[in-house]
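Residues per chain are reported as follows:
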Amino acid sequence: MPTERHDLEALFAPPPGEHGTHALLCGLSADVPVLQRALAAFTCETPVERQASGLIRSLLLLDASSPRIPATAVPGLLHLAPCIAADWKKRTTLLHAKVALLGFGSSRCAATTRWRLIVSTGNWTEATWARQAQIDFFWKTEWAVGDASAAQALVDVAAAFDFFQRMLTSLFGNHLDKLRMQPLTMEWLVAWRTKLRKATGRIADPLTAQFVHTLDTSLTTQIRKRFPREGINTLVAGSGFLEQAVTGDSSQPEVLRELENLGRPGTRHLVFNTSQAGQLANWIGKLKVKDGRIGKWNLCRPLDPLQKGKAPGRSFLHAKYVAGLGPVRSDSGKIGFLYIGSGNLSHRGYMTTARLGGRGNTVADDALGNVEAGVVLTNGDKVDAVWKRLACGEF
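Before going into details, it helps to say that this report is about the structure given with it. (Residues numbered from 1 in each chain as written. Predicted model: local features only at pLDDT ≥ 70, side-chain atom pairs only at ≥ 80, totals over all residues. Heavy atoms only, no water.)

1. Quick word on the overall build of the chain
No. 1: What the chain contains, in helices and strands, is 13 helices and 17 strands.
No. 2: Rg of the C-alpha trace for the chain: 21 Å, near the compact-globule value of 21 Å for 395 residues, within the 12% margin.
No. 3: Based on the C-alpha atoms only, the size of the chain along its principal axes is roughly 65 × 45 × 45 Å.
No. 4: A burial count over the chain gives 54% of its 395 residues as buried.
No. 5: In the chain, once contacts between residues fewer than 6 apart in sequence are set aside, the share between residues at least 24 apart is 78%.
No. 6: Put simply, the chain shows about 17200 Å² of open surface, and 51% of that area lies on carbon and sulfur atoms.
No. 7: Taking the average location of the 47 positive side-chain charges in the chain and that of its 34 negative ones, the two points are 2 Å from each other. (Helix = DSSP H or I, 4+ residues; strand = E, 2+ residues; numbered from the N terminus. Rg over C-alpha atoms; globule rule 2.2 N^0.38 Å. Buried < 20%, exposed > 50% of the residue type's maximum accessible area, 1.4 Å probe, protein only. Contact = heavy atoms within 4.5 Å. Areas by Shrake-Rupley, 256 points an atom, 1.4 Å probe, with all protein chains shown as cover. Lys, Arg positive; Asp, Glu negative; His and termini not counted. Charge placed at Lys NZ, Arg CZ, Asp CG, Glu CD.)

Next up, the structure:
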């Protein structure tokens with residue numbers, strides 16, 4: 001939840017004295033201008049320079065519904081072809097995660113010695129990174145070889161790399177097999193795996209990754225397990241999209257009932273777009289809103305966290321998050337729990353699991369869901385202007 005606007009270039013640019021080596025990106029969709037900006041910042045090279053080198057610097061994994069991006073459109077980036085449609089449908093309903101894992105080294109051809117993990121609620125599109133027409137959140141962490149004080153960052157980077165490896169194998173394996181004949185395109189993945197595996201093996205006290213995904217377990221199960229039982233006074237949940245409306249059904253959305261089981265907060269706030277209320281609108285229509293409240297929830301319109309002065313702010317929420325707050329005094333409060341990520345607060349985004357295998361995952365056909373990813377933080381930082389930081393406005 002940044003307090004200042006962060007542009008794409010700042011997130012992808014290498015640290016001083018270092019160079020971008022290779023990168024992994026995934027998302028539902030991506031726009032060529034945004035990818036061009038990201039690669040230019042990451043490599044510090046123009047498209048002409050990247051094309052002249054002939055090196056593949058980044059692999060892009062998008063949902064099977066996304067049009068293929070030609071290699072000539074963004075030199076240095078390869079948009080992998082998905083597996084055949086029949087296999088894809090058996091493994092996931094949608095690749096919806098928005099993650100970037102960037103590698104840096106002493107030169108563009110040097111071994112990677114630093115990794116930066118970026119988890120976003122928005123895709124690699126102009127709506128998020130150019131027009132900035134919607135409210136999105138991101139989180140990032142870094143780990144460098146030899147940094148013994150950053151074990152948590154190492155665990156998160158390693159978890160994200162494992163996440164990418166499993167998607168590469170299960171959803172993009174056919175294209176990956178063809179690339180194995182081109183060592184320069186693939187050898188860096190082997191080097192990353194070896195280096196991260198050795199580094200995590202040296203951690204004395206095992207840590208739980210803050211990076212989470214739905215390749216093994218649904219978001220709801222992971223969030224329920226990690227949510228504090230005590231100390232949370234207020235729950236704030238936000239989502240760009242909710243459960244789709246069902247004609248003739250005015251029941252409470254399933255995810256809201258599930259969220260009511262988290263901790264024992266005295267107050268719950270739901271931030272949503274009134275134009276995308278879905279099943280929530282049906283429920284509201286049945287019970288009717290009184291003083292901005294329905295059932296156990298206070299309803300809230302999105303508030304732009306970056307709005308300053310009298311300038312108009314963004315009003316469309318695209319971020320997805322669940323936050324647990326301690327006591328809030330003078331607009332400041334301790335965030336004892338925070339999930340941000342790609343999973344909307346809908347049945348498919350929040351309560352289902354993909355079927356990519358490798359972890360004893362046997363998902364029933366009627367429970368097959370999206371590939372989602374996010375981060376769960378429980379460090380309890382105190383935050384000023386907490387309502388605005390959580391995009392929580394008045395109804």
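Next, the rest of the story.
2. Let's talk about the sheet that holds strand 1 (residues 19–27)
No. 1: Reading across from one edge, 3-2-1-4-5-7 is the order of the six strands in this open sheet, with mixed pairing throughout. Across the chains shown, the open sheet's two edge strands, defined by having one partner strand only, are strand 3 (77–79) and strand 7 (138–144). Looking at each pair of strands side by side, their axes are set apart by 15° on average, direction ignored.
No. 2: Contacts from helix 2 (residues 32–43) reach strand 1, strand 2 (58–62), strand 3 and strand 4 (99–105), with the element oriented near 155° to strand 1.
No. 3: Contacting strand 1, strand 2, strand 4, strand 5 (114–120) and strand 7, helix 6 (residues 151–171) runs over the sheet at an angle of about 105° to strand 7. (Pairing = 2+ DSSP bridges. Axes fitted to C-alpha atoms, helices over the stretch in contact; angles between N-to-C directions.)

3. Some points on the nonpolar core
No. 1: Formed by 66 residues in total, the largest nonpolar core has its most connected members in Leu-61, Leu-95, Phe-163, Met-167, Tyr-321 and Val-371.
No. 2: In terms of residue count, helix 6 provides more of this core than any other element does, 12 residues in total.
No. 3: Apart from the residues lying within four places of it in its own chain, the contact partners of Phe-163 are Cys-26, Ala-97, Val-99, Phe-211, His-213, Leu-215, Val-371, Glu-372 and Ala-373.
No. 4: Among the nonpolar cores identified, the runner-up in size contains 27 residues, and Leu-219, Val-322, Phe-337 and Tyr-350 belong to it. (Core = buried A, V, L, I, M, F, W, Y, C linked by side-chain atoms within 4.5 Å.)

4. Observations concerning the packing of aromatic side chains
No. 1: For the coordinates displayed, the defined rule picks out 13 aromatic pairs.
No. 2: Ring plane angle 85° and centroid distance 5.9 Å describe the contact between Trp-88 and Phe-172, whose orientation is recorded as edge-to-face. Here Trp-88, found in helix 4 (residues 85–91), pairs with Phe-172, found in the loop between helix 6 and helix 7 (173–179); they are 84 residues apart in sequence, far enough to count as distant.
No. 3: Overall, Trp-88 belongs to the buried group, its relative accessible area being 5%.
No. 4: Under the relative-accessibility criterion, Phe-172 is labelled buried at 0%.
No. 5: Centroid distance Phe-241 to Phe-316: 6.1 Å. Interplanar angle 65°. Geometry classified as edge-to-face. (Phe/Tyr/Trp six-rings, centres within 6.5 Å; stacked < 30°, edge-to-face > 60°.)

5. Side note on the pattern of salt bridges
Should the charged atoms of two oppositely charged side chains come close, the side chains can pair.
No. 1: Counting across every chain of the model gives 10 salt bridges.
No. 2: Across the salt bridge formed by Glu-258 and Arg-224, the nearest N and O atoms sit 3.0 Å from each other. Residue Glu-258 is found in helix 10 (residues 254–259), and its partner Arg-224 is found in helix 9 (residues 219–226); the two are separated by 34 residues along the sequence.
No. 3: Linked by salt bridges that have partners in common, Glu-18, Arg-114, Arg-116 and Glu-142 make up one network. (Salt bridge = Lys/Arg side-chain N within 4 Å of Asp/Glu carboxyl O.)

6. Considerations on helix 2
No. 1: Taking 1.5 Å per residue, 12 residues should reach 16 Å; helix 2 reaches 16 Å between its end C-alpha atoms and fits that length.
No. 2: Of the positions making up helix 2, those classed as buried are Val-34, Leu-35, Gln-36, Ala-38, Leu-39, Ala-41, Phe-42 and Thr-43.
No. 3: Remark: Cys-44 follows helix 2 within two positions and exhibits a positive phi of approximately 60°. (Expected span 1.5 Å × (residues − 1).)

7. Some words on the environment of Gln-51
No. 1: Mapped onto the fold, Gln-51 is located in helix 3 (residues 47–53).
No. 2: Along the backbone, Gln-51 and Ala-71 are 20 residues apart, and their C-alpha atoms lie at a distance of 9.5 Å.

8. Description of the pairing of strand 7
No. 1: Taking burial as the measure, the seven residues of strand 7 include five buried ones, the bulk of the element.
No. 2: With seven bridges joining them, strand 5 and strand 7 adopt antiparallel strand pairing. Note that in strand 7 the partner of Arg-116 across the bridge is Glu-142.

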